[in-house]
Amino acid sequence: MRKKEMMAMLLAGGQGSRLGILTMDKAKPAVAFAGKYRIIDFPMSNCVNSGVDTVGVLTQYQPLTLNQHIGIGVPWDLDTKNGGVSILAPHQREGERGEWYSGTANAIYQNIDYIDACRPEYVLILSGDHIYKMDYAAMLNFHKQNNCDVTIAVLEVTMEEASRFGIMNADENDKIYEFEEKPEHPKSNLASMGIYIFTWDKLRAALIEDNKTHADSDFGKHIIPAMLNDGATLYAYRFKDYWKDVGTIESYWAANMELIRTLPEFNLYEDFWKIYTNSNYQPPMYTGSDAEVKASIVSEGCQIYGSIEHSVISKSVSVGEGSVIKDSIIMEGCKIGKNVHLDRCIIDQNTVIEDNVSMGGGDNTPNELKPNIYNTGITVIGSNTLVPAGIEVGKNCVIYGKTSSEDYVDNKLPSGQSVIIEGAM
Amino acid sequence: MKAIGIILAGGNSERLKSLCKVRAIAAMPVASSYRAIDFTLSNMSSSNIKKVAVITQFNSRSLHDHLSSAKWWDLDRKEGGLYIFTPFLSSDNSFWFRGVADSIYQNISFLKRSHEQYVIIASGDAVYKMDYNKVLEYHVAKGADITIVTKDMAGTGRDVHDFGVMTFDEDMKLTSFEEKPIEPKSTNISLGIYVISRTLLIKLLENTIPKGYYDFVKDIILRNRSHLNIYGYQFDGYWNTLNSIQAYMQTNMDFLNSDVRSILTTEPYIDTKPSDDPPAKFNTDAEVKNSLIGTGTIIDGSVKNSVLFRKVTVSEGARVNNSVIMKSSYIGKNCVIDNAIIDKEAVISDGKQIVGTADEPVVITKGQVV
């Protein structure tokens, strides 16, 4: 392979358990966002837009959806002869039992051979968890100008938020002298975004060294502090643009809803810095004669006969006559019947909601099984699920699997209750 | 599939006026997301034809752009795949005027180097979904030398005077074929889709072209009618061709009908070169009824009974009715657009009225600023 100046390693193996049922059958980077996209499309598109054409995607948790989505990299023009995208799953080695990726740095350690084969000078470490547009080439320039061994992208957060992040304490030139993971009393507000550029030979040595002591080698916990200790040059690279962590049901819902404002903060409609995704399905969307669609974004192939307000609708969704969808997110391939009422719901892909179902009414009782995940009034329906006709569902509910009316009492599911069919996958 | 495909995409039409000044008919945008040739190309691909030649001539730039990669139709193959044949033009005579048969003859090496038994020849100007395997099976079952796909246009509202009109005996064997007759003998027209064995096609072309006969219908089919078994295959599905402004408008509007739209929304899908635009955006005062909306379009105004392509902007207070608006066009505030075809990248400034009639839609040309 032709030598690369910088390649990217994208950590896409995380479950994202705070997204509840949405990550039951797919890793967090594969969760849909803004209608037709998946979260991983944002870092992937940033890579190609920044001129990074060699990307290793590290998968572990539920990789099927990701594998299908990425394929050989066609959506990002990464189906190239030199470089391109490689999906890197945990694997066995001669004489070993094989092991999972036990930490962020361990995952990179286990793929040193792959990186060596690309012969990069610099390696960009990314996670597939965030929504943002960023020019990694500008960050690389910063890295080279400051003769860094490590550059860490940081966001200025409020001091109250700072104790939730890995915090960089830096001098007036943004040279880092100390790193603190989730400090109780933060000394600075520069929060790590989990985006690093390493000079490869320095990282390579650090990974091998750290593996001797930590089987679960992690960038924040082990590699960064160790390199600081050894006197390496680390700089903070300030990022001032839109950046969203969509790690919880509420933040996921809110970030989607921000996109439907008349002038959203995060602009998907500019040709500059386009976000690419798998576009294997192309029909236009259709709105029927009695349809009403307002303050919403709707993706290709949808057939809308009902009313949609303040919602994000993914590809190939059908909504029957008389249905009213409000403040909701509906993912690819869902079929919503007639006279269905949805209020603050998230419906995962290929789910069928039959006629006369109503969801999202009633009181705000938190979910009884997982009150820390479902507690803001949003009802979440999993993928490939069936909700039979006439069911009335409250707030903070979860339904997963092909349910029938026998799974409900009096055709009702009160707020905070769940119906999860075992083995539905 | 035991056949190779040839798509004739050289056509142009005076009757499409300014729409065709910038592109071949096969490159005409249809139904929000597609170009006309996507239909025939997808039919070939979904009929499992692995080797397809597209013969272009007139204004082929946009067509070449569209076909710049064959991967969208799964035709980027090491063996077979997509071939694009562009004619060379001599100083005194253009290739097109020598005829369709000549355009195939000029590329006869494509036929000679193939091993498949049959050839499916189809026009790239029509909009339809067809499984060519069924036509081929019929061709073999009938023991035909040539099979011509025909459609009975009674009840479709299309004037058969514009087409090749055929009659058949009770076994569907061809009894007469007249090109654009003044007094048509039937309502069965030729859809310009033919099945023929590869070796027979080579033989007929080699016997005909060097003698100075260049037309496919007149010189290949009609001249050989007495000693060849020519059969008609009746097609009952939706079919339309883009040979006039009215037909172009009608074809787009046909997709507002759910039966016709199912061509797009059911498998096998019609494939096209993707354009990764964001979802269509409907702002607070948008009102959209009975319309097709392409991706990346932003709507603040009202849109009814219309077909909007990708990345169109309809500003607040604008009213769009019964119109086709192509990619990246901008409709200003409080505009009224009625019975109009707005070509790509046009700008209609605030408050303008573009009003035509159902019979005579107004056409705004590509990039025009009103």
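Remember, it's a predicted structure, so these values are computed and weren't measured experimentally.

### Points about the overall build of chain A
Part 1: Looking only at helices and strands, chain A has nine helices and 33 strands in total.
Part 2: The C-alpha radius of gyration of chain A comes to 23 Å, within 12% of the 22 Å expected for a compact globule of 425 residues.
Part 3: In chain A, buried positions account for 57% of the 425 residues.
Part 4: Total accessible area on chain A stands at roughly 17100 Å², and carbon and sulfur atoms take up 46% of it.
Part 5: Considering chain A, the positive charge centre built from 37 side chains and the negative charge centre built from 56 side chains are found 3 Å apart.

### Here's the deal with the overall build of chain B
Part 1: A tally of helices and strands in chain B yields nine helices and 28 strands.
Part 2: In terms of C-alpha radius of gyration, chain B reaches 21 Å, essentially the compact-globule figure of 21 Å for 370 residues.
Part 3: With the C-alpha coordinates aligned to their principal axes, the bounding extent of chain B is approximately 65 × 45 × 45 Å.
Part 4: In chain B, buried positions account for 60% of the 370 residues.
Part 5: Just so you have it, chain B exposes about 14600 Å², and 46% of that area is on carbon and sulfur atoms.
Part 6: Between the averaged position of the 42 positive side-chain charges in chain B and that of its 42 negative side-chain charges there is a distance of 5 Å.

### So, the state of the cysteines
By definition, a disulfide links the sulfur atoms of two cysteine residues through a covalent bond.
Residue and element names in this part refer to chain A.
Part 1: Under the defined criterion, the tally for this structure stands at zero disulfides over all chains.
Part 2: Of the cysteine sulfurs around C47, a residue in no disulfide, the closest is that of C118, at 13 Å.
Part 3: C47 gets classed as buried once you look at its relative accessible area, which sits at 0%.
Part 4: With a relative accessible area of 0%, C118 lands in the buried category.

### Overview of the sheet that holds strand β18 (residues 307–309) of chain A
Residue and element names in this part refer to chain A.
Part 1: Spatially, the seven strands line up as an open sheet ordered β15-β18-β21-β24-β27-β30-β32, and their pairing is parallel. The two strands at the open ends of the sheet, each matched to only one other strand, are β15 (292–294) and β32 (412–413).
Part 2: In this structure, strand β30 (residues 392–393) lies alongside β32, joined through two bridges in parallel fashion. Looking at the pairing, E392 lines up with K412 of β32.

### Looking at the interface of chain A and chain B
One frequently used descriptor of interface size is the decrease in accessible area upon assembly of the parts.
Part 1: Listed by partner, the interface residues are 44 residues for chain A and 38 residues for chain B.
Part 2: Carbon and sulfur atoms make up 49% of the surface buried where chain A meets chain B, a total of about 3100 Å² over both sides.
Part 3: Looking only at chain A, the three residues that lose the most surface to chain B are Y269(A), Q282(A) and P284(A), adding up to 21% of its buried area.
Part 4: For the pair chain A and chain B, the number of links is two salt bridges.
Part 5: At the boundary of chain A with chain B, the tally comes to 23 residue pairs in polar contact (both at pLDDT 80 or more).

### With respect to unusual backbone geometry
Part 1: Residue P268(B) is reached from E267(B) by a cis peptide bond, and omega for that bond is -5°.
Part 2: Along the chain, the position of P268(B) falls in the loop between α9 (258–265) and β14 (280–282).
Part 3: Positive phi, normally seen in glycine, also occurs at D77(A), with a value near 55°.
Part 4: Assignment of secondary structure puts D77(A) in the loop between α2 (64–70) and β5 (84–88).

### What to know about the pattern of salt bridges
All names here are of chain A.
Part 1: Overall, the coordinates contain 25 salt bridges over all chains when judged by the stated rule.
Part 2: Among the ionic pairs, D174 bridges to R238, the shortest N-O distance being 2.8 Å. Taken together, the residues span a long stretch of sequence, with D174 in the loop between β9 (166–170) and β10 (176–181) and R238 in strand β12 (residues 234–238) at a distance of 64 residues.
Part 3: Looking at D174, the relative accessible area reads 13%, which means it is buried.
Part 4: Here E250 and R344 are joined by a salt bridge, their closest N and O atoms 3.5 Å apart. Remark: R344 occurs in the loop between β24 (341–343) and β25 (345–347) and E250 occurs in helix α9 (residues 249–258); sequence separation between them is 94 residues.
Part 5: Judged by its relative accessible area of 29%, E250 is partly exposed.

### Observations concerning α9(B)
Part 1: Taken as a whole, α9(B) has its buried residues at V260(B), R261(B), I263(B) and L264(B). An end-on view of α9(B) places all buried positions within 130° of arc, on one side of the element.
Part 2: On its buried face, α9(B) is in contact with β14 (285–287) and β17 (303–304) of chain A together with β3 (34–35), α1 (37–46), α8 (245–254) and β16 (291–293) of chain B.
Part 3: Backbone nitrogen of D259(B) and a side-chain oxygen of the N-cap are separated by 2.7 Å at the start of α9(B); the cap is N257(B).

### Quick look at the pairing of strand β11 (residues 188–197) of chain B
Residues and elements named next belong to chain B.
Part 1: Taking burial as the measure, the ten residues of β11 include ten buried ones, the bulk of the element.
Part 2: Of the pairings in the sheet, the one linking strand β6 (residues 118–123) to β11 comprises four bridges and is antiparallel in character. Residue pairing across strands places I120 opposite V195, the latter belonging to β11.
Part 3: Relative to β11, strand β9 (residues 164–168) runs antiparallel, the two being bridged by two bridges. Its bridge partner lying in β11, M166 is registered against N188.

### Examining the sheet that holds β14(A)
Part 1: Strands sit in the order β29(A)-β26(A)-β23(A)-β20(A)-β17(A)-β14(A)-β16(B)-β19(B)-β22(B)-β25(B)-β28(B) across an open sheet of eleven strands; the sheet is mixed. Each having just a single partner strand, β29 (386–387) of chain A together with β28 (362–364) of chain B make up the two edges of the open sheet.
Part 2: Note: strand β19 (residues 307–308) of chain B against strand β22 (residues 324–325) of chain B, two bridges, orientation parallel. In the strand pairing of β22(B), L308(B) is matched with I325(B).

### Considering the nonpolar core
Part 1: Judged by nonpolar contacts, the single largest core of 76 residues is most densely connected at I104(B), L111(B), I121(B) and F216(B).
Part 2: Among all residues touching L111(B), those that are not within four sequence positions of it are I4(B), I6(B), I104(B), V119(B), R198(B), L201(B), I202(B) and L205(B).
Part 3: Among the nonpolar cores identified, the runner-up in size contains 52 residues, and V340(A), A280(B), F282(B) and V312(B) belong to it.

### Structural notes on the packing of aromatic side chains
Part 1: The full count for this structure, using the stated rule, is 23 aromatic pairs over all chains.
Part 2: Considering the side-chain rings of Y132(A) and F239(A), the 6.3 Å spacing of their centres and the 85° angle between planes classify their relative orientation as edge-to-face. With Y132(A) in strand β7 (residues 130–132) and F239(A) in the loop between β12 and β13 (243–245), the pair connects residues that are 107 residues apart, well separated along the chain. In terms of burial, Y132(A) and F239(A) fall into one category: buried.
Part 3: Note on F163(B) and W239(B): the rings are 5.9 Å apart at their centroids and 65° apart in plane angle, and the pair reads as edge-to-face. Of the two residues, F163(B) sits in the loop between β8 (146–152) and β9 while W239(B) sits in strand β13 (residues 239–241), which places them 76 residues apart along the sequence.
Part 4: The rings of F33(A), Y37(A), F42(A), Y242(A), Y252(A) and F266(A) are connected pair by pair, giving a single aromatic cluster.
Part 5: Above the face of the Y286(A) ring, R261(B) is positioned so that its terminal group lies 3.5 Å from the ring centre.

### Some thoughts on the confidence of the model for chain B
Part 1: In this model, chain B carries an average pLDDT of 90, and 95% of its residues clear a pLDDT of 70 or more.
Part 2: Predicted complex metrics record ipTM = 0.90 and pTM = 0.92.

### Some words on the packing of helix α7 (residues 200–211) of chain A against helix α8 (residues 219–229) of chain A
All names here are of chain A.
Part 1: The geometry of α7 relative to α8 is characterised by a closest axis approach of 10 Å and an angle of 115° between their N-to-C directions. As for how α7 packs across α8, the hand of that crossing is right-handed. On the side of α7, the interface is formed by K202, L203, A206, L207 and D210, while α8 contributes F219, H222, I223 and M227.
Part 2: Here the residues of the contact of α7 with α8 are counted per class, giving six nonpolar, one polar and two charged.

### Focus on a nonpolar patch on the surface
All names here are of chain A.
Part 1: A cluster of nonpolar side chains, contributed by M24, L369 and I420, occupies part of the molecular surface with about 260 Å² of accessible area.
Part 2: Here I420 shows up in strand β33 (residues 418–420).
Part 3: Take I420: its relative accessible area is 35%, and that puts it in the partly exposed class.

How each quantity is defined
- Residues numbered from 1 in each chain as written.
- Chains lettered and ligands numbered in written order.
- Predicted model: local features only at pLDDT ≥ 70, side-chain atom pairs only at ≥ 80, totals over all residues.
- Heavy atoms only, no water.
- Helix = DSSP H or I, 4+ residues; strand = E, 2+ residues; numbered from the N terminus.
- Rg over C-alpha atoms; globule rule 2.2 N^0.38 Å.
- Buried < 20%, exposed > 50% of the residue type's maximum accessible area, 1.4 Å probe, protein only.
- Areas by Shrake-Rupley, 256 points an atom, 1.4 Å probe, with all protein chains shown as cover.
- Lys, Arg positive; Asp, Glu negative; His and termini not counted.
- Charge placed at Lys NZ, Arg CZ, Asp CG, Glu CD.
- Disulfide = S-S within 2.5 Å.
- Pairing = 2+ DSSP bridges.
- Contact = heavy atoms within 4.5 Å.
- Buried area = accessible area lost by both parts, 1.4 Å probe.
- Salt bridge = Lys/Arg side-chain N within 4 Å of Asp/Glu carboxyl O.
- Polar contact = N/O pair within 3.5 Å; in protein donor to acceptor, adjacent residues only side chain to side chain.
- Arc of directions from axis to C-beta.
- Core = buried A, V, L, I, M, F, W, Y, C linked by side-chain atoms within 4.5 Å.
- Phe/Tyr/Trp six-rings, centres within 6.5 Å; stacked < 30°, edge-to-face > 60°.
- Lys NZ or Arg CZ within 6 Å of the ring centre and 35° of its normal.
- pLDDT = per-residue confidence, 0-100.
- Axes fitted to C-alpha atoms, helices over the stretch in contact; angles between N-to-C directions.
- Left-handed = near helix turned anticlockwise from the far one by under 90°.
- Nonpolar A, V, L, I, M, F, W, Y, C, P; charged D, E, K, R; others polar.
- Patch = residues over 30% accessible without salt bridge, like charges linked within 9 Å, V, L, I, M, F, W, Y side chains within 5 Å.

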